[in-house]
Amino acid sequence: MSRVKRPALRELVLTRLRSFYREPSQVFWTFVLPILVATVLWIAFRSGPPQPVAVAVAEGPGAEPLRAVLDASSEVTAEALDAGAARAALRAGKVDLVVVPGARPVYEFDPTRPESRLARMLADDVLQRAAGRSDPVEAVEVTTTEPGSRYVDFLVPGIIGITVMSSGLWGVGFAVVELRTKRLMRRFLVTPMRRGDFLLSLLVSRACFLGLEISTLLAFGALVLDVPMRGSLALLTAVAASGALMFAGLGLLLASRAQNMQTAGGIINLVSVPMLLASGTFFSSSRFPDALQPLVRALPLTPLNDALRAVMLEGAGASEVLPQIATLLTWGAVSLAASVKLFRWE
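Computed from a prediction, not measured in an experiment: that's the story for all the values here.

1. Focus on the UniProt feature "transmembrane region" (unreviewed entry) in the chain
Following the UniProt record, the feature "transmembrane region" (unreviewed entry) maps to residues 27-45, 154-177, 198-225, 231-255, 267-285 and 321-343 here. Along residues 154-177, the helical share is 100% and the strand share 0%, with 34 Å between the first and last C-alpha atoms. Between the first and last C-alpha atoms of residues 321-343 the distance is 32 Å; the span itself is 96% helix and 0% strand.

Structure below.
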């Protein structure tokens, strides 16, 4: 009996192994995704010499000498900004500390952020050493824990961004491949419909669901997490709609030639995971080296996240987020044009 089972077991194992490497999505999730995630996070939080903390000095009397003292240290990089811009940079995670000059310097920071606490300690140490006193200069601390400056406030617009991205790539692109694989498109094609209406129906239906998803996230953020909405809700809707159009076009483009759901899943993951990690969803994209910033800024999700945060947390107006909206619409127009040209119905 054992002699009969062993060849069968060998063939069954070989069959399972063959089915594994013939499925691109399984290969992607098993081998490519962990390496990709590790690589991106290594770049963002790379080892090496300690990175200087980012400090903003509020403009005013004595601001420039104070900024020069801080910036001369290898542990701090300091820039002078007006008070409003400095606090906005702190809320957006672009700086870790705001220093207001005076006889007793004022440190504004978020004590719930470890990097802000570290920046406060390092900046104070630099200033105390520069003062050259045996008795330390007494400083004033102003903690900023109000809504708009917390990590959760930074996170919620990013979650809305990846919701928009997933809706377009998976809700549109993957749905098209599923219909094609199940041979349902062939049935649609024999009906008296225009092909453009079919594609438009996918976009409109996803837009309806997306509106409910974003409304739910905004309501939860406002009622439970106390996340502020400092800008116009209509402008936020316009930004989200631009992002939805862009990712829907990109989803159609990715699905235009995919022959099965496994291939489509692998392609969509290959496109979406880098954006998920590098476009400032969970941490500021400024953590990446300057050499990679043009690539990070070119990712479609980056301008969407930036515009959502600008409207929600900083109260930005239409003129301030117009460059991001233009970028999103350009991505959408190019993707839709390419998908119409390359799309295969069967």
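2. Focus: the side chain of Arg113
Turning to its location among the elements, Arg113 is positioned in the loop between strand E4 (106-109) and helix H5 (114-131). A distance of 3.1 Å separates the side chain of Arg113 from the backbone oxygen of Leu90, its partner in a polar contact.

3. Observations concerning the nonpolar core
Ranked by internal contacts, the top residues of the largest apolar core, which has 38 residues, are Leu169, Phe247, Leu304, Met312 and Val321. Among the elements of the structure, helix H6 (151-181), helix H8 (195-223), helix H9 (233-255), helix H10 (261-278), helix H12 (301-314) and helix H13 (318-342) are those that each provide at least two residues to this core. Here the element with the most residues in this core is H9; it accounts for nine residues. Once you skip the residues sitting within four places of it in the chain, Phe247 turns out to touch Val164, Met165, Gly168, Leu169, Met275, Pro300, Leu301 and Leu304. By size, the runner-up hydrophobic cluster in this structure holds 18 residues, among which are Val57, Ala78, Phe109 and Leu127.

4. Focus on the packing of aromatic side chains
One pass over the full model with this rule turns up zero aromatic pairs. Residue placement shows Arg309 over the ring face of Phe154; its charged tip is 3.7 Å from the ring centre.

5. With respect to the environment of Ala307
Within the element layout of this structure, Ala307 appears in helix H12. Look at Ala307 and you get buried, because its relative accessible area is 1%.

6. Here we look at helix H3 (residues 63-71)
An α-helical segment advances 3.6 residues per turn. Residues three or four places apart therefore align on the same side. Every buried residue of H3 is accounted for by Ala63, Leu66, Arg67 and Leu70. End-on view of H3: buried residues confined to an arc of 100°, all on one side of the axis. Those residues of H3 that are buried lie in contact with strand E1 (53-58), strand E2 (76-81), strand E3 (97-100) and H5.

7. Comments concerning a nonpolar patch on the surface
A cluster of nonpolar residues, Phe220, Leu223 and Val224, forms a patch on the protein surface that exposes about 350 Å² of accessible area. Following the sequence through the fold, Leu223 ends up in helix H8.

8. Some details on the packing of H12 against H13
Between H12 and H13, whose axes approach to 9 Å, the crossing angle comes to 150°. Where H12 crosses over H13, the handedness of that crossing is left-handed. Together, Pro303, Leu304, Asp306, Ala307, Ala310 and Val311 of H12 and Val321, Gln324, Thr327 and Leu328 of H13 make up the contact between the two elements. Residue composition of the contact of H12 with H13, grouped by class: seven nonpolar, two polar and one charged.

9. Some details on the packing of H9 against H10
Running from N to C, H9 and H10 point in directions that differ by 145°, and their axes come no closer than 10 Å. Of the two elements, H9 crosses H10, and the hand of that crossing is right-handed. Taking contact as the criterion, the partners of Phe247, Leu250 and Leu254 in H9 are, on H10, Ile267, Ile268, Val271 and Met275. A breakdown of the residues in the contact of H9 with H10 according to their chemical character gives seven nonpolar, no polar and no charged.

10. Concerning the pairing of E2
Pairing of E1 with E2 involves six bridges; the strand directions are parallel. Each residue of the ladder has a partner; that of Val53, found in E2, is Val76. A crossover connection joins E1 to the parallel E2 through H3; in handedness this β-α-β unit is right-handed.

11. Re the side chain of Arg67
If you trace the backbone, Arg67 turns up in helix H3. The exposure class of Arg67 is buried, given its relative accessible area of 19%. Apart from residues lying up to four places away in sequence, Arg67 is in contact with Val57, Ala78, Glu79 and Ala80.

12. Observations regarding H10
For H10, spanning 18 residues, the distance from its first C-alpha to its last is 26 Å, which sits close to the expected 26 Å at 1.5 Å a residue. Turning to H10, its buried residues number three or more, namely Ala264, Gly265, Gly266, Ile268, Asn269, Ser272, Val273, Met275, Leu277 and Ala278.

13. Some words on the pattern of salt bridges
Within this structure, the stated rule accounts for eight salt bridges. Its salt-bridge partner being Asp124, residue Arg120 comes within 3.6 Å of it at the nearest N-O pair. With Arg120 and Asp124 both in helix H5 and four residues apart, this pair spans about one turn of that helix. Comparing Arg120 with Asp124, the two get one shared label, buried. Three or more residues joined by partner-sharing salt bridges are found here, namely Glu64, Arg67 and Asp71.

Conventions we followed
Residues numbered from 1 in each chain as written. Predicted model: local features only at pLDDT ≥ 70, side-chain atom pairs only at ≥ 80, totals over all residues. Heavy atoms only, no water. UniProt positions renumbered as here; feature names shortened; annotations may be inferred. Helix = DSSP H or I, 4+ residues; strand = E, 2+ residues; numbered from the N terminus. Polar contact = N/O pair within 3.5 Å; in protein donor to acceptor, adjacent residues only side chain to side chain. Core = buried A, V, L, I, M, F, W, Y, C linked by side-chain atoms within 4.5 Å. Buried < 20%, exposed > 50% of the residue type's maximum accessible area, 1.4 Å probe, protein only. Contact = heavy atoms within 4.5 Å. Phe/Tyr/Trp six-rings, centres within 6.5 Å; stacked < 30°, edge-to-face > 60°. Lys NZ or Arg CZ within 6 Å of the ring centre and 35° of its normal. Arc of directions from axis to C-beta. Patch = residues over 30% accessible without salt bridge, like charges linked within 9 Å, V, L, I, M, F, W, Y side chains within 5 Å. Areas by Shrake-Rupley, 256 points an atom, 1.4 Å probe, with all protein chains shown as cover. Salt bridge = Lys/Arg side-chain N within 4 Å of Asp/Glu carboxyl O. Axes fitted to C-alpha atoms, helices over the stretch in contact; angles between N-to-C directions. Left-handed = near helix turned anticlockwise from the far one by under 90°. Nonpolar A, V, L, I, M, F, W, Y, C, P; charged D, E, K, R; others polar. Pairing = 2+ DSSP bridges. Right-handed = clockwise from strand over helix to strand, strands pointing away. Expected span 1.5 Å × (residues − 1).

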